[in-house]
Amino acid sequence: MPKTKPALYRPTSANLTRLANHLRRGGIVGVPSETVYGLAANALDASACARIFEAKGRPANDPLIVHLSRAAELHQVAITNPSADLLANAFWPGPLTLVLPKNKCVPDIVTSGRDTVAVRVPAHPLFRRLIRTCGFPLAAPSANPFGYISPTSAAHVRDSLGNTELRAILDGGDCTIGVESTIIDLSEPSRPRLLRPGGLAQEKIEAVLKQKILTAPAPKKQSSESAAPAPGMLPQHYSPHTPVKLHPSLAGDSIPQIPTNEAVLLLRRPNDKRLRKPNVFWLSPSGQLSVIAHNLFNQLRQLDQGAW
Ligand code: TXA
Ligand code: MG
């Protein structure tokens, strides 16, 4: 197995053709999306998809998302229904993944043996262009080692999957949204279920469906994988190597004396200038959620490297 870091490819036509050929031969490629970077393979080729699981160290019971270049291709991989068509029309291309009954052409490895498949049309134009150049859908989980913080730039992918079979990353700049897609299970269309909150707000989906969405219960601490409410929704996920403590109400004057070997990451810039210390960081100037989401994974990675 090669041990050098994978190369970043600029988005030229020649490079897209080169990467599509690599994917056609069963290779894996790091790809940009508006949510997080993905680790892509031909979704219809079981041995190519096996390389994704190997590179990520991902358990076989955690299924992959299949990415299409346009909503009109949905029926090629899944059995659609009016609610799915409604959401696809409203939100694709974009940060919404739909879980639907699968078509036979989707290999079992992609769905972890389930009879449903997760599908989305990404908004990032380069990702869609690559899928079109390939002529087949691309299965892609987030391009991080299993359990680690998701990547929001090509450099994140290169740095954390460097010692794997991955050789090539399409560089599409920083991810605009910065957190994963929202996943809705529509395999029972009358009972839409939120499997994972993400880049598209639940309220927006409910407004289009004109119906409330059921939310899956949060995974229990120390529960086994089989007890998780949905595959891949584990009690521990997106984890830095450094221990992280969540303080839901830590703000302003209530910030205690912080030891210099620890860092604090606030949602917004503190008004109190005494809190502007080398080990105090913030995710946004004014607390805007989209800005917080955009910066979250990058900031966690930087802090994990002890950069203060
Ligand atoms: O934004 C995103 O969704 C990114 C980009 C690359 O598209 N992808 C992503 O993939 O977050 P990943 O592998 O990190 O998360 C995929 C999750 C699984 O862990 C599981 O929760 C859910 O999608 N999933 C996939 N197939 C499913 C199925 N058949 N039934 C239920 N959940 C499924
Ligand atoms: Mg992931």
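The structure presented is a predicted model; accordingly, all values stated were derived computationally and were not measured. (Residues numbered from 1 in each chain as written. Chains lettered and ligands numbered in written order. Predicted model: local features only at pLDDT ≥ 70, side-chain atom pairs only at ≥ 80, totals over all residues. Heavy atoms only, no water.)

Peer 1: Account for the packing of helix H4 (residues 82-91) against helix H8 (residues 202-209), with residues named and values stated.
Peer 2: Direction vectors running N to C along H4 and H8 enclose 125 degrees, while the axes themselves pass 10 Å from each other. In terms of their interaxial angle, H4 and H8 are classed as oblique. In the crossing of H4 with H8, the sense of the turn from one axis to the other is right-handed. Contacts from Ser83, Leu86, Leu87, Ala90 and Phe91 of H4 reach H8 at Lys204, Ile205, Val208 and Leu209. Among the residues forming the contact of H4 with H8, the class breakdown is seven nonpolar, one polar and one charged. (Axes fitted to C-alpha atoms, helices over the stretch in contact; angles between N-to-C directions. Helix = DSSP H or I, 4+ residues; strand = E, 2+ residues; numbered from the N terminus. Parallel < 35°, antiparallel > 145°, perpendicular 65-115°, else oblique. Left-handed = near helix turned anticlockwise from the far one by under 90°. Contact = heavy atoms within 4.5 Å. Nonpolar A, V, L, I, M, F, W, Y, C, P; charged D, E, K, R; others polar.)

Peer 1: Before we move on, could you go through helix H9 (residues 289-304) and cite the residues and values that matter?
Peer 2: Between the first and last C-alpha of H9 there are 22 Å, a value that for 16 residues agrees with the 22 Å anticipated at 1.5 Å per step. Looking only at H9, the buried set comprises Ile292, Ala293, Phe297, Gln299, Leu300, Arg301, Leu303 and Asp304. In the core, the buried residues of H9 are packed alongside helix H7 (154-160), strand E12 (264-266) and strand E13 (280-282). Following H9 by one or two positions, Gly306 has its phi on the positive side, about 70 degrees. (Expected span 1.5 Å × (residues − 1). Buried < 20%, exposed > 50% of the residue type's maximum accessible area, 1.4 Å probe, protein only.)

Peer 1: Kindly report on the packing of helix H1 (residues 13-24) against helix H6 (residues 125-134), identifying the contributing residues and their values.
Peer 2: Across the interface, H1 lies against H6 with an axial gap of 9 Å and an inter-helix angle of 60 degrees. Here H1 lies oblique to H6, going by the angle between them. As for how H1 packs across H6, the hand of that crossing is right-handed. Here Ser13, Leu16, Thr17, Leu19, Ala20, Leu23 and Arg24 of H1 lie close against H6, whose contacting residues are Leu126, Arg129, Leu130, Thr133 and Cys134. For the contact of H1 with H6, the residue count by class is seven nonpolar, three polar and two charged.

Peer 1: Quick rundown of the site of ligand 1? Include the residues and the values.
Peer 2: Of all residues adjacent to ligand 1, which total 25 residues, the nearest are Thr35, Asp62, His67, Ser181 and Pro231. The side chain of His67 places a nitrogen or oxygen atom 2.7 Å from an oxygen atom of ligand 1. Side-chain polar atom of Arg196 to an oxygen atom of ligand 1: 2.9 Å apart, as the coordinates give it. Look at ligand 1: alone it shows 680 Å² of surface, and the protein chains cover 97% of it. Of all the elements in the fold, those that place two or more residues in the shell around ligand 1 are strand E4 (65-67), strand E6 (116-120) and strand E10 (193-196). In terms of residue count, the dominant contributor to the shell around ligand 1 is E6 (four residues). (Near = heavy atom within 4 Å. Polar contact = N/O pair within 3.5 Å; in protein donor to acceptor, adjacent residues only side chain to side chain. Areas by Shrake-Rupley, 256 points an atom, 1.4 Å probe, with all protein chains shown as cover.)

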